[in-house]
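Reading the structure
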Amino acid sequence: MFSRRGLFAALCLLLLPFQGGAQAGDAADAVIVTVTGNIGQTNRGASDPFQDAFFNYHGLSFDKAYAFSRDDLEALGMNELSVKYPNWPDGPASFRGPLLSAILDKVDARGSIVRVQALDGYAVEFDIETSRNGGFILATESRGHPLAIGARGPAWLVFPPGSYEGQPNDTDEKLVWSVFHIAVE
Ligand SMILES: Nc1nc2c(c(=O)[nH]1)N[C@H]1C(S)=C(S)[C@@H](COP(=O)(O)O)O[C@H]1N2
Ligand SMILES: [Mo]
């Protein structure tokens, strides 16, 4: 007779080859955006100066955080948005990505300020009510393609003109491209 534990192990082995996406090393599992700060839900522990070298480079450290892969962001629900700014060369651009508010909900954001930070260090702060505005999307795709690093990826904070008080209508300032970090304070 199999022991209960033996049976369970055998079943797990049987199921292994049929397991879909979630295997270590899948590109879709790679973290692209990490949320830190005043949040109630986390899925990772403290930053490590060696492992988290790029956070360290930016002088950032944290005790815990919520790390999102592309798949994780997609699972929040992809919203579509078409936006045009006068300084864009090719007319309106289409975007897909989760609402910033869906991300804030997922991490149980408790602060009042949301800082969206890019690879190059550019960072923009919004009060949390503004960032929950339904027009704020953290796009992971544009014009039908994933946003690439070296282009505007891994994620681009996009919203239509008129999305925050005092927004100039002639430029796309505060549309942070190459986003990798969101801090809630
Ligand atoms: N990562 C990042 N995003 C950014 C910026 C930046 O320097 N870095 N500049 C902002 C500003 S001030 C403007 S006007 C728009 C367009 O800047 P760009 O023409 O350099 O893309 O992107 C915004 N998003
Ligand atoms: Mo700008």
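Residues numbered from 1 in each chain as written. Chains lettered and ligands numbered in written order. Predicted model: local features only at pLDDT ≥ 70, side-chain atom pairs only at ≥ 80, totals over all residues. Heavy atoms only, no water.

**Brief notes about the site of ligand 1**
Taken together, Ala118, Asp120, Tyr122, Arg152, Asp172, Glu173, Leu175, Val176 and Trp177 form the complete shell of residues around ligand 1. Within the side chain of Asp120, one N or O atom sits 2.7 Å away from a nitrogen atom of ligand 1. Trp177 has a polar backbone atom sitting 2.8 Å from a nitrogen atom of ligand 1. Of the residues in the shell around ligand 1, the class split is 5 nonpolar, no polar and 4 charged. (Near = heavy atom within 4 Å. Polar contact = N/O pair within 3.5 Å; in protein donor to acceptor, adjacent residues only side chain to side chain. Nonpolar A, V, L, I, M, F, W, Y, C, P; charged D, E, K, R; others polar.)

**Here we look at unusual backbone geometry**
Residue Gly153 is joined to Pro154 through a cis peptide bond whose omega torsion reads 10°. One non-glycine residue, Arg143, lies in the positive phi region at around 50°. In this fold, Arg143 is placed in the loop between strand S8 (141-142) and strand S9 (145-146). If you check the backbone angles, Ser178 has positive phi at about 55° while not being a glycine. (Helix = DSSP H or I, 4+ residues; strand = E, 2+ residues; numbered from the N terminus.)

**Focus: the pairing of strand S1 (residues 31-37)**
On any regular strand, side chains alternate: one points to one face of the sheet, the next to the other face. Taken across its 7 residues, S1 has 5 buried, putting it largely inside the fold. Bridge analysis of S1 against strand S2 (residues 66-69) gives 4 bridges, and the strand direction is antiparallel. Residue pairing across strands places Val33 opposite Phe68, the latter belonging to S2. Bridge count for S1 against strand S11 (residues 179-184) is 4 bridges, and the pairing is parallel. From the neighbouring strand, Thr36 faces S11, where its bridge partner is Ala183. (Buried < 20%, exposed > 50% of the residue type's maximum accessible area, 1.4 Å probe, protein only. Pairing = 2+ DSSP bridges.)

**Concerning the pattern of salt bridges**
Summed over the entire model, instances satisfying the criterion amount to 7 salt bridges. With its nearest N and O atoms 2.7 Å apart, the salt bridge here joins Arg110 to Asp108. Under the relative-accessibility criterion, Asp108 is labelled partly exposed at 27%. Between Arg115 and Glu125 there is a salt bridge, with the nearest N and O atoms lying 3.0 Å from each other. Taken as a pair, Arg115 in strand S5 (residues 113-118) and Glu125 in strand S6 (residues 123-127) lie far apart in primary sequence, 10 residues in all. Glu125 sits in the partly exposed class, given a relative accessible area of 43%. Linked through salt bridges whose partners overlap, the residues forming this network are Glu80, Arg96 and Glu141. (Salt bridge = Lys/Arg side-chain N within 4 Å of Asp/Glu carboxyl O.)

**Overview of the packing of aromatic side chains**
Going through the model one piece at a time under the given rule, you end up with 14 aromatic pairs. Each ring, one from Phe54 and one from Tyr57, has its centre 5.7 Å from the other, and the planes form 15°; the classification is stacked. Of this pair, Phe54 and Tyr57 both sit in helix H2 (residues 53-57), 3 residues apart, which is roughly one turn of the helix. For Tyr57, a relative accessible area of 64% gives the class exposed. With 5.3 Å between their ring centres and 55° between their planes, Tyr85 and Trp88 make a pair best called tilted. Under the relative-accessibility criterion, Trp88 is labelled buried at 10%. Taken together, Phe54, Phe55, Tyr57, Phe62 and Phe180 form an aromatic cluster joined through their ring pairs. (Phe/Tyr/Trp six-rings, centres within 6.5 Å; stacked < 30°, edge-to-face > 60°.)

**Some words on the sheet that holds S11**
On the basis of which strands lie adjacent, the open sheet formed by 5 strands has the order S2-S1-S11-S5-S6 and mixed pairing. Each having just a single partner strand, S2 and S6 make up the two edges of the open sheet. Strand-to-strand, the axes of this sheet are offset by a mean angle of 20°, without reference to chain direction. Summarising the sheet, S5 and S11 pair through 5 bridges and their orientation is antiparallel. If you follow Gln117 over to S11, its bridge partner there is His181. (Axes fitted to C-alpha atoms, helices over the stretch in contact; angles between N-to-C directions.)

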